[in-house]
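Next come the chains, spelled out residue by residue.
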Amino acid sequence: IPILNLIVLYKIINIVTEEVEFEIDKEEISKIECALEMCKTKYPILLVHGVFFRDNKYFNYWGRIPKTLEARGAKIYYGEHQSALAVKDSARELAAKIKYIVDRTGCEKVNIIAHSKGGLDCRYAISKFGISDKVASLTTINTPHNGCLFADYLLSKIPASTKNKVADAYNSTLKKFGESNPDFLAAVNDLTDSACKQLNTEISTPQGFYCQSVGSVLTKATSGKFPLNLSYHLVKYFSGENDGLVDEASFKWGENYILLRSTEKRGISHGDMIDLNRQNFRGFDVREFYVSLVSDLKNKGF
C-alpha cells in the first residue's frame, strides 16, 4: 500500500505541475492579447447553447471561454433559450432575444457562435423570423447540419412507452427549474438524419452575412467522458469519424469550414469544444481556439 500511495502521489504531482506550468504560460500570453484587445469585434458576440443545457451564471455552458474572450475585449451575450424544444420553437425564442439585444443596445447586429443544435436553431431563426439584417456572422460549432443517423436508429428501436417515460421525467424536472414548456422528444426528433434533411430543404441561407462552421474529431472513445464514450462507437458504426455525438460529414456548412484534429491520441470531443469539463490537455487549447476565431471575425470587420 505505501508503494501504491507513492505511485498515486507521483501522478498527482505530475498533473498539478503540468496544470500550473500551462496556466503560468497562458497568463503571460494573455497579457499581450488583452492589451491588444484581440477580440474586440465591431458587433457583440452572442453565444447560443445546444440541446439539454441552459445558460447559467453558476455553471457556464461555455466553461472558461467567455471570460477569456471578455478579457480580450469581447462583449458577450447569451441566447438564454429553453433547453429542449423543437428547432422552430427554439428559433422563435432566439429571434426575440436577438431583436431585444439589438434594440436595447443599439449595436445593429450580432456575431452568433452556436454549438450543436444551437446552430440549427439559429439558421431557422435567421431564415424564418426576419432577423437576417441583425446578424453580422454565424459560426456553428459541431452542429449536425445533416443530422445524426444513429438517432434515427435509436428512435426506431426504443419502445414508445420507454421514450415517453424518459421524456416525461425530463420535461417535469425542467419545469421545476423554471422552463415553461420543455419538449424532450421534439428536440431529439429534430436532430435525426431524416429531420435535418427535411430542414435543409425548408430553410435557406440569406445573403448579407458571413457563415462558417467548425467540427472536431474524437479518436479515443474513453476521452469523450460519459455519455460520449458510449455513443462514439455507435456513431462510428453508422457514419464514421465523429466527435462522440455528431459525425464529421454533418458539420460542414457555410462558406468556410474548419475541421479540428488533436495532435494527441485522445482527439477533440463534442464537449471539449465548449470547455465542458474545464480540462487542459495536450494537442488542443480550446480557449486559444476561440480567441483565434473571434480575432478573425474582428479582422474581417465583424
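Residues numbered from 1 in each chain as written. Predicted model: local features only at pLDDT ≥ 70, side-chain atom pairs only at ≥ 80, totals over all residues. Heavy atoms only, no water.

**A closer look at the sheet that holds strand E6 (residues 256–260)**
Then step 1. Strand order in the open sheet formed by 6 strands is E2-E1-E3-E4-E5-E6, with parallel pairing between adjacent strands. Strands at the two margins of the open sheet, each flanked by one partner only, are strand E2 (76–78) and E6. The sheet shows a mean angle of 20° between the axes of neighbouring strands, direction not considered.
Then step 2. The pairing of strand E5 (residues 210–216) with E6 spans 5 bridges and is classified as parallel. Counterpart to serine 216 in the pairing with E6 is leucine 260.
Then step 3. Running over the sheet, helix H4 (residues 117–128) touches strand E1 (45–48), strand E3 (110–115) and strand E4 (135–141) and is turned about 140° from E3.
Then step 4. Strands E1, E3, E4, E5 and E6 of the sheet are contacted by helix H10 (residues 286–299), whose axis makes an angle of about 165° with E5. (Pairing = 2+ DSSP bridges. Helix = DSSP H or I, 4+ residues; strand = E, 2+ residues; numbered from the N terminus. Axes fitted to C-alpha atoms, helices over the stretch in contact; angles between N-to-C directions. Contact = heavy atoms within 4.5 Å.)

**A look at helix H9 (residues 228–239)**
Then step 1. Residues of H9 that are buried: Leu228, Ser231, Tyr232 and Val235. Within H9, the buried residues cover an arc of 120° as seen down the axis, which keeps them to one side. Facing away from the buried side of H9 by over 90 degrees, the exposed positions are Leu230, His233 and Tyr237.
Then step 2. Tucked into the core, H9 has its buried residues touching helix H5 (149–157). (Buried < 20%, exposed > 50% of the residue type's maximum accessible area, 1.4 Å probe, protein only. Arc of directions from axis to C-beta.)

**So, the side chain of threonine 41**
Then step 1. Locating threonine 41 in the fold gives a position in the loop between helix H1 (2–36) and E1.
Then step 2. Given the relative accessible area of 11%, threonine 41 is considered buried.
Then step 3. A distance of 2.5 Å separates a polar atom in the side chain of threonine 41 from the backbone oxygen of tyrosine 43.
Then step 4. Ignoring any residue separated from it by four or fewer positions in sequence, one finds threonine 41 in contact with Asn111, Val294, Leu297, Lys298 and Phe302. (Polar contact = N/O pair within 3.5 Å; in protein donor to acceptor, adjacent residues only side chain to side chain.)

**Here's the deal with the pairing of E1**
Then step 1. What you see with E1 is no split at all: Ile45 and Leu47 on one side and Leu46 and Val48 on the other are buried throughout.
Then step 2. Of the pairings in the sheet, the one linking E1 to E3 comprises 4 bridges and is parallel in character. Each bridged residue has a counterpart across the sheet, and for isoleucine 45 the counterpart in E3 is asparagine 111.

**Considerations on the packing of H5 against H9**
Then step 1. Where H5 contacts H9, the two axes come as close as 8 Å, and the packing angle between them is 105°. The pairing of H5 with H9 is recorded here as roughly perpendicular in orientation. On H9, the residues that touch Leu149, Phe150, Tyr153 and Leu154 of H5 are Leu234, Val235, Phe238 and Ser239.
Then step 2. Partitioning the contact of H5 with H9 into residue classes produces 7 nonpolar, 1 polar and no charged. (Parallel < 35°, antiparallel > 145°, perpendicular 65-115°, else oblique. Nonpolar A, V, L, I, M, F, W, Y, C, P; charged D, E, K, R; others polar.)

**Notes on the packing of aromatic side chains**
Then step 1. For the coordinates displayed, the defined rule picks out 13 aromatic pairs.
Then step 2. Judged by centre distance (5.0 Å) and plane angle (45°), the ring pair of tyrosine 153 and phenylalanine 238 falls under tilted. Taken together, the positions of tyrosine 153 in helix H5 and phenylalanine 238 in helix H9 put the pair 85 residues apart, joining distant regions of the chain.
Then step 3. Of the residues examined, tyrosine 153 reaches a relative accessible area of 36% and is grouped as partly exposed. (Phe/Tyr/Trp six-rings, centres within 6.5 Å; stacked < 30°, edge-to-face > 60°.)

**Some words on the pattern of salt bridges**
Then step 1. One pass over the structure, following the stated rule, counts 11 salt bridges.
Then step 2. Glutamate 80 serves as the salt-bridge partner of lysine 97, at 2.7 Å between the closest nitrogen and oxygen. Of this pair, lysine 97 sits in helix H3 (residues 87–105) while glutamate 80 sits in the loop between E2 and H3, placing them 17 residues apart in sequence. (Salt bridge = Lys/Arg side-chain N within 4 Å of Asp/Glu carboxyl O.)

**Re the nonpolar core**
If you look at soluble globular proteins, the nonpolar side chains tend to sit buried side by side.
Then step 1. Counting residues in hydrophobic clusters, the biggest one holds 38 residues, and the most contacted among them are Leu46, Ile112 and Leu138.
Then step 2. Elements supplying a minimum of two residues to this core: E1, H3, E3, H4, E4, helix H6 (160–176), helix H7 (184–189) and helix H8 (193–202).
Then step 3. Of the residues forming this core, the biggest block, 7 residues, is contributed by H3.
Then step 4. The residues touching leucine 46, leaving out its near neighbours within four places in the chain, are Tyr77, Tyr78, Gly79, Ile98, Ile101, Val110, Asn111, Ile112 and Ile113.
Then step 5. One finds Tyr61, Ile141, Phe289 and Val291 within the second-largest nonpolar core, a separate group that totals 30 residues. (Core = buried A, V, L, I, M, F, W, Y, C linked by side-chain atoms within 4.5 Å.)

**Focus on the layout of surface pockets**
Then step 1. In this structure, the largest pocket occupies an estimated 900 Å³ of space.
Then step 2. The wall of the largest pocket is formed by 38 residues, among which Val51, Phe52, Phe150, Pro227 and Leu245 lie closest to the centre.
Then step 3. Elements represented by at least two residues in the lining of the largest pocket include exactly H5, H6, H7 and H9.
Then step 4. When grouped by side-chain class, the residues that make up the lining of the largest pocket number 25 nonpolar, 10 polar and 3 charged.
Then step 5. Its volume calculated, the second largest pocket comes out at about 570 Å³.
Then step 6. Along the walls of the second largest pocket sit 19 residues, with Glu18, Gln279, Asn280, Phe281 and Arg282 positioned nearest its centre.
Then step 7. Its residues placed into classes, the lining of the second largest pocket shows 4 nonpolar, 6 polar and 9 charged. (1 Å grid on protein atoms, 1.4 Å probe; cavity = no way out; pocket = protein on both sides within 12 Å on 5 of 7 lines; lining within 4 Å. Points joined across faces, edges and corners; volume = space filled by probe spheres on them.)

Distances and angles like these do not, on their own, reveal function.
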